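# Structural characterization, general
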Amino acid sequence: MSVFNQSRSRVIRIIFLVAFIFIIAQLFYLQIIDGKHRQLAAMDNAVFAKVDYPERGIIFDRKGRAILNNTIIYDLMVTPSEIKGIDTLDFCNLIGIDIEEFKQKVLDARYKNGPVRPSVFKGLLTQDIQARFEENSWKYPGFNLVERPLRTYPFNAAAHILGYIREADAKDIERSGNFYRQGDFIGKTGLESYYEDVLMGQRGVQYMIKDNKNRLVGNYENGDFDTASIAGRGLKTFIDVDLQQMAEKLMTNKVGGLVAIDPKTGGILAMVSGPNYDPNDLTRPNGSKNYSKLVLDVTGPMLNRAIGGRYEPGSTFKPLGALVALDEGVITPSYGFPCGGRYTLCGHGKPACTHAGGGHAANVRLSIANSCNAYYAHVYRLAVDNPKYKNVKEGFLKWSEYMHAFGLGVRLGVDLPNENKGNIPDTADYNRENNNRWTSCTNLTLGIGQDKMLTTPLQMANAMCVIANKGYYYTPHFVDKIDGETEDDSTLMNQFRTRHNVLTHISDTAFNAVIEGMNDVVKFGTARVAQIPGIDVCAKTGTAENYTILDGRRIKLPNNSMFVCFAPKENPKIAIAVFVQNAGYGGTWAGPISRLMIEKYLNDTLMKKSEADLERISKTNLMPAYFKRLQYKEDSIRAFKWFNTTKDSVYIKKYFRALNTPVKSIPNNIPFPKNYKIETLAILPIEKYFRKPATQLLS
């Protein structure tokens, strides 16, 4: 037994001896023979890895003009482990921050990117700060400047289309599988986001030698270890920047959306969302402050209403309803309806019409020209009550298929993020609300573009393309070509080059009846304002009632103004949809805006009368008045939340109307009861905490 134990003990000793010899040999190799680790340690102290950020790709309009370009600005980078013996106060004074902010930024850099990797300390330096730092950089080891290509917008236009870039946050980095690093910029919205992989390029690294005063004095190893950055590739778009600028001018001080498309390609010529903003405001050194202001603005300047705003299409929908009924065979182009001024066949006399005399709805063409509500309420009922379907639910499902074919109630797939699909209601909606019992009278106002129907300006412009092309469309998109297009790029772009023959089975007879009716709208109907000498325009006006809830009350607002059109009638080259909130009748504002767009695009110039209209419309302020009240409420709620969190009363002072009410009289803590919703109201001297019960707010 003892012999066995001696043998096992000897084996264990041998194992330990071999392991010890192996470790010693490895240490000898690494420290004496290889020396690599000593070099790396020396590099940490003497070599700076300067990231070479690539230029992002340039975006061009249809005529080859750069509408999004690059310039150079500098970021101040920090490597926390290299900060040694600097005069912190002097440094803070130089770049305009306080010591607390300095400490927080260093901690953030250490936490986000580690102590030995450079992180952005202060991005997008002004030229003044950049120059001062360069003169004194030797005083501040651990800090270096890095060039950053900055986006510029030479035409100050197309903010919602082009989008913006910002530094990649933790979620961006995680989603990319750590491909992006702290300090990298990434497209957040618009084409910048959708085509990020094309525009971004590839970062490079340049290894620079530092002297004992932290100055960069040359390339390490003659640049053998450097990697060159690769610039991003450019995009050629369908955008006509002249048309885009004019459209933005027309939509100044207005809320709504505008979209203009080339029906033959699906190329978007112009797109505007109002209110708008200057894209350069987000790229300058004070871009973060400007971004915060825009985000907190209740008018929603950051929302792209052209693809995200949801509106009842109203009478602009009627040409689509006519085509459905014609294709289903429930009417013919000569079908007439004896409208006496309102629709009475559902027993309640609604909807009413603007015409009462006989003959204004004697056929499809006249019904469109005169925009007869009763006619299209009845036409809708004929379509969903079609005898070839078992019941109204089956008929409604078929009608919904037509709507989706026109591009309503679905996302079209435009090359922008955050497209809204609008709403075409489902049978389940009506089953739930009506205990599974409903008829075509339940939702007959779908026939005039109301009830639960909601569309985006993009969808309605695309629907005009379907009519203009007599049944087909291309997915609306901005980008025509990608520089140096690859096979992967072609896969991305093929979805925009595929023709969708969604309604080509509808007869030319049916399309011609609708197109002639839309042409009559301009000749002698509600869209005469869209007449242009020498150009046959086809159009349809629309007006929809509008309400909002403010201070617990339902308030009637001015009607939404809508206009859809295409031109010329033969071989159409442009299709447009314009929605202007709270602007009255469709022909009052949306119609003239559309006319100017058509004239500018097709004639490349404006008549003197049109130039005067351009100035008049652009200077007209149609911003809804209730936004001021809503902004006041939102700002006051934030102010009081800030007070409750920080006890800082500076932001709530202006919400006290009574000058004799001192802020110091406010309790140290204003609690939020469970059954109350905080709302700042018009403040009276006797009101102390400015609250209403939630039940009152919701009444």
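Up top is the structure.
## Here we look at the layout of surface pockets
One water molecule sets the probe size; rolling that probe over the atoms shows where empty space is left. Empty space within the largest pocket amounts to approximately 1,200 Å³. The dominant element in the lining of the largest pocket, judged by the number of residues it contributes, is helix α4 (residues 99-113), at seven residues. Here the lining of the largest pocket is built from residues that sort into 17 nonpolar, nine polar and 15 charged. Estimated volume of the second largest pocket: approximately 920 Å³. Of all the elements in the fold, those that place two or more residues in the lining of the second largest pocket are β16 (538-550) and β17 (553-567). Take the lining of the second largest pocket: its biggest share by element is nine residues, from β16.

## Considerations on the state of the cysteines
Tallied over the full model, the rule gives one disulfide. The partner cysteine of C346 in its disulfide is C441, sulfur to sulfur 1.9 Å. Residues C346 and C441 are joined through a disulfide that is left-handed, its torsion about the S-S bond being -85°. You can see C346 sitting in the loop between α13 (318-328) and α14 (364-370) and its partner C441 sitting in the loop between α17 (427-433) and α18 (457-468), a full 95 residues away along the chain.

## Considering the packing of helix α10 (residues 241-250) against helix α21 (residues 590-603)
Where α10 contacts α21, the two axes come as close as 10 Å, and the packing angle between them is 165°. Between α10 and α21, the angle falls in the class roughly antiparallel. Of the two possible hands of crossing, α10 and α21 adopt the one that is right-handed. In this structure, α10 uses D242, L243, M246, A247 and L250 to contact α21, whose residues at the interface are I593, L596, M597, K600 and Y601.

## Things to note about the pattern of salt bridges
Pairs can form between side chains of opposite charge once their charged atoms are near each other. Applying the stated criterion to the full structure yields 28 salt bridges. Of the charged contacts, one joins R56 and E196 as a salt bridge, the two residues approaching to 2.8 Å between their closest N and O atoms. Here the residue R56 occupies a position in the loop between β1 (47-52) and β2 (59-60), and E196 occupies one in helix α9 (residues 196-199), the gap between them amounting to 140 residues. With respect to class, R56 is no different from E196; both count as buried. Between K188 and D172 there is a salt bridge, with the nearest N and O atoms lying 2.5 Å from each other. Note that K188 is positioned in the loop between β7 (185-187) and α8 (190-194) and D172 in helix α7 (residues 170-175), a separation of 16 residues in sequence. Assessed through its relative accessible area of 6%, D172 is described here as buried. The network of salt bridges with shared partners includes R56, R151, E192 and E196.

## Topic: the packing of aromatic side chains
Scanning all chains against the criterion turns up 25 aromatic pairs. Judged by centre distance (4.4 Å) and plane angle (35°), the rings of F91 and F143 are tilted. Note that F91 is positioned in helix α3 (residues 88-95) and F143 in strand β5 (residues 143-152), a separation of 52 residues in sequence. Judged by relative accessible area, F143 falls into the buried class, the value being 1%. The rings of F91, F102, F121, F133, Y140 and F143 are connected pair by pair, giving a single aromatic cluster. Of note, K105 hangs over the ring of F121, and the distance from its end group to the ring centre comes to 5.7 Å.

## Focus on the pairing of β17
Taken together, the 12 bridges between β16 and β17 define a ladder with antiparallel strand orientation. When the bridges of β17 are listed, N546 appears paired with L557. Where β16 folds back onto β17 in an antiparallel hairpin, the turn is made up of two residues, including D551, whose phi is positive at roughly 55°. Relative to strand β18 (residues 574-580), β17 is paired through seven bridges, and the arrangement is antiparallel. Bridged to M562 within β18 is F579. Between β17 and β18, which pair antiparallel one after the other, the connecting turn spans six residues, and N571 there sits at a positive phi close to 55°.

## Thoughts on the sheet that holds β16
Strand pairing in a sheet takes place through backbone hydrogen bonds and is either antiparallel or parallel in direction. Strand order across the open sheet formed by five strands is β12-β11-β18-β17-β16, with antiparallel pairing between neighbours. On the outer flanks of this sheet lie β12 (268-274) and β16, each paired with one strand and no other. Strand-to-strand, the axes of this sheet are offset by a mean angle of 10°, without reference to chain direction. Along the sheet, α10 contacts β11 (256-261), β12 and β18; its crossing angle with β12, the most-contacted strand, is approximately 20°. Of the strands in this sheet, β11, β12, β17 and β18 are in contact with α18, which crosses β18 at around 150°.

Parameters and conventions
- Residues numbered from 1 in each chain as written.
- Predicted model: local features only at pLDDT ≥ 70, side-chain atom pairs only at ≥ 80, totals over all residues.
- Heavy atoms only, no water.
- 1 Å grid on protein atoms, 1.4 Å probe; cavity = no way out; pocket = protein on both sides within 12 Å on 5 of 7 lines; lining within 4 Å.
- Points joined across faces, edges and corners; volume = space filled by probe spheres on them.
- Helix = DSSP H or I, 4+ residues; strand = E, 2+ residues; numbered from the N terminus.
- Nonpolar A, V, L, I, M, F, W, Y, C, P; charged D, E, K, R; others polar.
- Disulfide = S-S within 2.5 Å.
- Axes fitted to C-alpha atoms, helices over the stretch in contact; angles between N-to-C directions.
- Parallel < 35°, antiparallel > 145°, perpendicular 65-115°, else oblique.
- Left-handed = near helix turned anticlockwise from the far one by under 90°.
- Contact = heavy atoms within 4.5 Å.
- Salt bridge = Lys/Arg side-chain N within 4 Å of Asp/Glu carboxyl O.
- Buried < 20%, exposed > 50% of the residue type's maximum accessible area, 1.4 Å probe, protein only.
- Phe/Tyr/Trp six-rings, centres within 6.5 Å; stacked < 30°, edge-to-face > 60°.
- Lys NZ or Arg CZ within 6 Å of the ring centre and 35° of its normal.
- Pairing = 2+ DSSP bridges.

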